[in-house]
Amino acid sequence: MKIFLDSTNIEEIREINKLGIIDGITTNPSLIAKSGKGFNQILKSICKEVKGPVSAEVTAESFENMLSEAKILSKISKNIVIKLPLTFNGLKACKHLTKKNYKTNVTLCFTVPQAILAAKAGATYISPFIGRLDDIGQNGVNLIRDIKKVFSNYTNFKTKILAASVRSIEHVTEVAKAGADISTIPPKIFHQLYKHELTDKGLKIFLEDWEKSKQKI
Ligand code: E4P
């Protein structure tokens, strides 16, 4: 499974990217607004830091304006992926942009039929929002499982499943078990992934025993 960071915080992205295991970045209009910086500046610095795909979302709702915004966003860097909402116009723009060789990420997906339409429109990625489904009492991970099952029935569906709105370590475990191609993870959750109290406890004991042995490597 690939790991993307779901963030516009360049300091946090830089720090985690030092591990060399981050495959890409997702952003959305709320995250860009939260960064307090201009979209151009923030996306430029993210694309400079991370060489993998960086999703940048259009904010227009009409087909024509989505295309104009896609053109502007794609000029920021060659690793920009155009993120489009799962609306009638978003799907239409996805089909159009796919034909023109743009990479696309169709976002705000909450059902299997929505994912099927995005795949038919040639989306590079489909982003099912699992945490937001959990928020309304549904099971977000089940949606990943169902989309995976449906996509595996049809070899012509090339769209990658990008599990989004990931809120916990359990989410990461479950979407990996369900076969998500990518999980996009907020930095705060990412830093929980490598931690375990038994790791800390075990390391403390090893280091104490080593100290007692008076050896040096
Ligand atoms: C993904 O592309 C979205 O930016 C993100 O995962 C949304 O997460 P949220 O539901 O926690 O806001």
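Above this text you will find the structure in question.
The model shown is predicted, which means the values in this text are computed figures rather than measured ones.

J.: Describe the pattern of salt bridges, listing the residues and the values that go with them.
T.: Under the defined criterion, the tally for this structure stands at eight salt bridges. Between K18 and E15 there is a salt bridge, with its nearest N and O atoms 3.0 Å apart. One salt bridge connects E208 with K204, and the closest N-O pair in it is separated by 3.0 Å. Within this pair, E208 and its partner K204 are both found in helix α11 (residues 197–213), separated by four residues, close to a single helical turn. Beyond isolated ion pairs, a larger network of salt bridges with shared partners links R145, E174 and K177.

J.: Which residues make up the site of the ligand, and what are the values?
T.: The full set of residues close to the ligand is D6, T26, N28, K83, F129, R132, A164, S165 and R167. Contact between the ligand and K83: an oxygen atom at 2.6 Å from a side-chain N or O atom of the residue. Taking R132, its side chain carries an N or O atom lying 2.6 Å from an oxygen atom of the ligand. Computed on the free molecule, the ligand has an accessible area of 350 Å², of which 86% lies beneath the protein chains in the complex. Class assignment for the residues of the shell around the ligand results in two nonpolar, three polar and four charged.

J.: Could you give an account of helix α1 (residues 10–17), naming the residues involved and the relevant values?
T.: Taken together, the buried positions of α1 are occupied by I10, I13, I16 and N17. Around the axis of α1, the buried residues are gathered within 135° of arc, so they sit on the same side. Looking at where α1 begins, the residue whose side-chain oxygen comes 3.1 Å from the main-chain nitrogen of E11 is N9.

Cut-offs used in this document
Residues numbered from 1 in each chain as written. Predicted model: local features only at pLDDT ≥ 70, side-chain atom pairs only at ≥ 80, totals over all residues. Heavy atoms only, no water. Salt bridge = Lys/Arg side-chain N within 4 Å of Asp/Glu carboxyl O. Helix = DSSP H or I, 4+ residues; strand = E, 2+ residues; numbered from the N terminus. Near = heavy atom within 4 Å. Polar contact = N/O pair within 3.5 Å; in protein donor to acceptor, adjacent residues only side chain to side chain. Areas by Shrake-Rupley, 256 points an atom, 1.4 Å probe, with all protein chains shown as cover. Nonpolar A, V, L, I, M, F, W, Y, C, P; charged D, E, K, R; others polar. Buried < 20%, exposed > 50% of the residue type's maximum accessible area, 1.4 Å probe, protein only. Arc of directions from axis to C-beta.

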